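# Residue-level structure breakdown
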Amino acid sequence: MKTKGIVYIAISLDGYIARKDGSIDWLDEASAMVPQDEDCGFKEIMESVGALVMGRKTYEKVASFGTWAYGDTPVIVQSRDSFVFPDDAPSTLSHSSESPCDLFSRLAQEGVDRVYVDGGITIQRFLRAGVIDEITVTVMPVLLGDGIPLFGPLEEEVTLSHKKTIAYNFGFVQSTYLVTK
């Protein structure tokens, strides 16, 4: 079995996932337009994956929210440096410094068929390693002008195949692409 990597992330219209300082205040402001019963597919994504991999900075940002949005899904925090989780951290958390290919190989052996990959640098690393199979990007109606881009430099172009696009009446546009390998 091959483990499939999926990305599910929000960006500004000009392609940024955060401000230069890592702030995502603009995302909170955009999300205020979303009706309370709409999650833009987040629940469906979480139900379809066996694990979530995120970078250390993303973990630290998410942990600061106070509410853990990932339930019982195993969350692997990717970092070259080891660190200790706080005592009150969810028991589903673990740390890995494995390469993307080694981590996916291990997860495949453990029976995990789909992995949600989150965090800018982590997404870029896993995309360059060739383990991302599907990318869902939700574009928010805001221009930041500068910030942390979702996609960084690539050694070679990545060809995508359009799967679907949903235009929400509150201004979000969500597109899903398959990575052509």
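Because the structure is a prediction, the values reported are computed rather than measured.

## A short note on the overall build of the protein
Assigned secondary structure in the protein consists of 5 helices and 10 strands. Taken against the 2.2 N^0.38 rule, which gives 16 Å for 181 residues, the C-alpha radius of gyration of the protein at 16 Å falls within 12% of a compact globule. Here the C-alpha coordinates of the protein stretch approximately 40 × 40 × 30 Å along the principal axes. Looking at the protein residue by residue over its 181 residues, the buried ones come to 45%.

## Quick notes on the sheet that holds strand 1 (residues 4-12)
Pairing within the open sheet is mixed, and its 8 strands lie in the order 5-4-3-6-1-7-10-9. At either margin of the open sheet sits one strand with a lone partner, and together these are strand 5 (93-96) and strand 9 (159-167). Averaged over all neighbouring strand pairs, the angle between strand axes comes to 25 degrees, with direction disregarded. Note that strand 3 (residues 51-55) and strand 4 (residues 75-78) share 4 bridges and pair parallel.

## Regarding the packing of aromatic side chains
Tallying each qualifying case throughout the model produces 11 aromatic pairs. With centroids separated by 6.3 Å and ring planes inclined at 90 degrees, the aromatic side chains of Y8 and Y116 adopt a geometry described as edge-to-face. Pair noted here: Y8 is in strand 1 and Y116 is in strand 6 (residues 114-118), with a separation of 108 residues, a long-range link. Its relative accessible area of 4% is what places Y116 among the buried residues. Consider the rings of Y168 and F170, whose centres lie 5.1 Å apart with planes at 20 degrees: the pair is stacked. Looking at F170, the relative accessible area reads 12%, which means it is buried. Among the aromatic residues, ring-to-ring pairing joins Y8, F42, Y59, W68, Y70, F83, F85 and Y116 into one connected group.

## Examining the pairing of strand 1
Remark: a regular strand shows side chains that alternate across the two faces of the sheet. Most of strand 1 sits inside the fold, with 8 of its 9 residues counted as buried. As judged from the 4 bridges shared by strand 1 and strand 6, these two strands associate in the parallel manner. Within the sheet, the bridge partner assigned to G5 lies in strand 6 and is V115.

## Some words on helix 3 (residues 56-63)
Every buried residue of helix 3 is accounted for by T58, Y59 and V62. Seen from one end, helix 3 has its buried residues packed into an arc of 100 degrees, which puts them on one side. Looking at the buried positions of helix 3, the neighbouring elements they touch are strand 3, strand 4, strand 5, strand 6 and helix 5 (120-128).

## Quick notes on the side chain of T3
Looking at the element boundaries, T3 is found in the segment before strand 1. Among the polar contacts made by the side chain of T3, one reaches the main-chain amide nitrogen of A108 at a distance of 3.2 Å. There is a polar contact of 2.7 Å between the side chain of T3 and the backbone oxygen of V112. Once residues lying within four places of it in the same chain are set aside, the contact partners of T3 are F104, L107, A108, V112, D113, R114, V115 and D133.

Reading the values: rules and limits
Throughout this document, residue positions are counted from 1 along each chain, in the order its sequence is written. Side-chain atom pairs in this predicted model are given and counted only at pLDDT of 80 or more, local residue features only at pLDDT of at least 70, and totals for whole chains, interfaces and linings cover all residues. In computing side-chain values, all of the structure's heavy atoms are included and hydrogens and water are not. Counting from the N terminus, the helices are the DSSP runs of H or I reaching at least four residues and the strands are the DSSP runs of E reaching at least two. Radius of gyration means the value over C-alpha atoms here, while the globule rule gives 2.2 Å times the residue count to the 0.38 power. Only protein chains enter the accessibility calculation, which uses a 1.4 Å probe; a residue whose area is less than 20% of its type maximum is buried, one above 50% is exposed, and one in between is partly exposed. For two strands to be treated as a pair, DSSP must find no fewer than two bridges joining them. Orientation is described by axes fitted as lines to C-alpha atoms, over the contacting stretch for helices, and by angles from 0 to 180 degrees between their N-to-C directions. Stacked, tilted and edge-to-face are the three classes applied to pairs of Phe, Tyr and Trp rings, where Trp contributes its six-membered ring and a pair requires centres within 6.5 Å; stacked means planes under 30 degrees apart, edge-to-face means over 60, and tilted covers the rest. This arc corresponds to the set of directions leading from the helix axis out to the C-beta atoms. Should any heavy atoms of two residues lie within 4.5 Å, those residues are considered in contact. Within 3.5 Å is the distance limit for a polar contact, defined as a pair of N or O atoms, with the added protein rule that one can donate a hydrogen and the other accept it, and that residues adjacent in sequence qualify only through two side-chain atoms.

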